[in-house]
Amino acid sequence: MIINPLTGQRVTDSKSSNKAKAVSSTSFFDLLTDQLQGPEETQVLNQAEALTTENPVPAELRLAGLSMSENTIDLLESFSQALGELRLSASDLLPLVEALEDDTTTLLDIKEQLPQHDPLAQLIDRVATVSTIEAEKFRRGDYN
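Residues numbered from 1 in each chain as written. Predicted model: local features only at pLDDT ≥ 70, side-chain atom pairs only at ≥ 80, totals over all residues. Heavy atoms only, no water.

Here we take up the packing of helix α4 (residues 59-84) against helix α6 (residues 119-140). The contact between α4 and α6 brings their axes to 10 Å, and the two run at 30 degrees. One element, α4, and the other, α6, form an angle in the roughly parallel class. Between α4 and α6 lies a crossing of left-handed hand. For the pair α4 and α6, contact is made by R62, G65, L66, S69, T72, I73, L76 and F79 and by L120, L123, I124, V127, V130, S131, E134 and F138, respectively. For the contact of α4 with α6, the class distribution of residues is 10 nonpolar, 4 polar and 2 charged. (Axes fitted to C-alpha atoms, helices over the stretch in contact; angles between N-to-C directions. Helix = DSSP H or I, 4+ residues; strand = E, 2+ residues; numbered from the N terminus. Parallel < 35°, antiparallel > 145°, perpendicular 65-115°, else oblique. Left-handed = near helix turned anticlockwise from the far one by under 90°. Contact = heavy atoms within 4.5 Å. Nonpolar A, V, L, I, M, F, W, Y, C, P; charged D, E, K, R; others polar.)

Positionally, D103 belongs in helix α5 (residues 90-112). Although D103 is buried, it makes no salt bridge; R139 carries the closest opposite charge, 13 Å away. (Buried < 20%, exposed > 50% of the residue type's maximum accessible area, 1.4 Å probe, protein only. Lys, Arg positive; Asp, Glu negative; His and termini not counted. Salt bridge = Lys/Arg side-chain N within 4 Å of Asp/Glu carboxyl O.)

Right, let's talk about the environment of S78 for a bit. Here S78 is to be found in helix α4. Separated by 18 residues in sequence, S78 and L96 place their C-alpha atoms 8.0 Å apart.

Attention now goes to the nonpolar core. The biggest cluster of nonpolar side chains holds 10 residues, and these are V57, L61, M68, L107, I110, L114, L120, A121, I124 and V127. Among the elements of the structure, α4, α5 and α6 are those that each provide at least two residues to this core. In terms of residue count, the dominant contributor to this core is α6 (4 residues). Apart from residues no more than four positions distant in its own chain, V57 is found in contact with R62, L114, P115 and D118. (Core = buried A, V, L, I, M, F, W, Y, C linked by side-chain atoms within 4.5 Å.)

Now for the packing of aromatic side chains. The tally for this structure, following the rule as stated, stands at 1 aromatic pair. Seen in terms of ring centroids, F79 and F138 are 6.2 Å apart; in terms of plane orientation they differ by 80 degrees. Their pairing is edge-to-face. Of this pair, F79 sits in helix α4 while F138 is found in helix α6, placing the two residues 59 residues apart along the sequence. Residue classification places F79 among the buried residues on the basis of a relative accessible area of 1%. (Phe/Tyr/Trp six-rings, centres within 6.5 Å; stacked < 30°, edge-to-face > 60°.)

For the rest of this paragraph, the subject is the side chain of S131. Relative to the elements of secondary structure, S131 occurs in helix α6. A distance of 2.7 Å separates polar atoms of two side chains, one belonging to S131 and the other to T104. In this view, S131 contacts T72, L76, L100 and T104; residues no more than four positions away in its chain are not counted. (Polar contact = N/O pair within 3.5 Å; in protein donor to acceptor, adjacent residues only side chain to side chain.)

This is the structure in structure tokens:
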């Protein structure tokens with residue numbers, strides 16, 4: 001907006017009038033009613049809520065699955081380090097392989113008690129798969 005210094009009247013230029021029209025295209029009343037209305041209700045269920053309402057899994061089972069998975073991963077790491085020791089024979093590695101096989105069996109038993117799409121079941125499946133593959137490679141003679 002420009003003010004004419006001689007007459008003291010406002011002189012509107014085209015830029016300010018266009019800006020004013022753009023701003024005033026939404027009335028205050030419309031903005032106020034939009035703010036006063038509450039948010040729309042959504043019917044989206046959280047995936048975690050859906051899992052817990054379908055089949056509640058006991059916390060002890062989840063804890064057992066997590067601890068066995070961690071134990072099996074630790075055994076896999078120990079087995080990897082033992083494979084790097086050239087002075088160890090295959091018979092020296094056999095107890096580690098047997099422990100891996102036992103842990104894999106326990107993990108698969110726990111997995112059967114979990115719902116199919118449970119994230120813990122997917123983790124257990126991955127750990128058990130790697131453990132089984134490493135044990136079979138040893139039994140087949142790949143590490144000799």
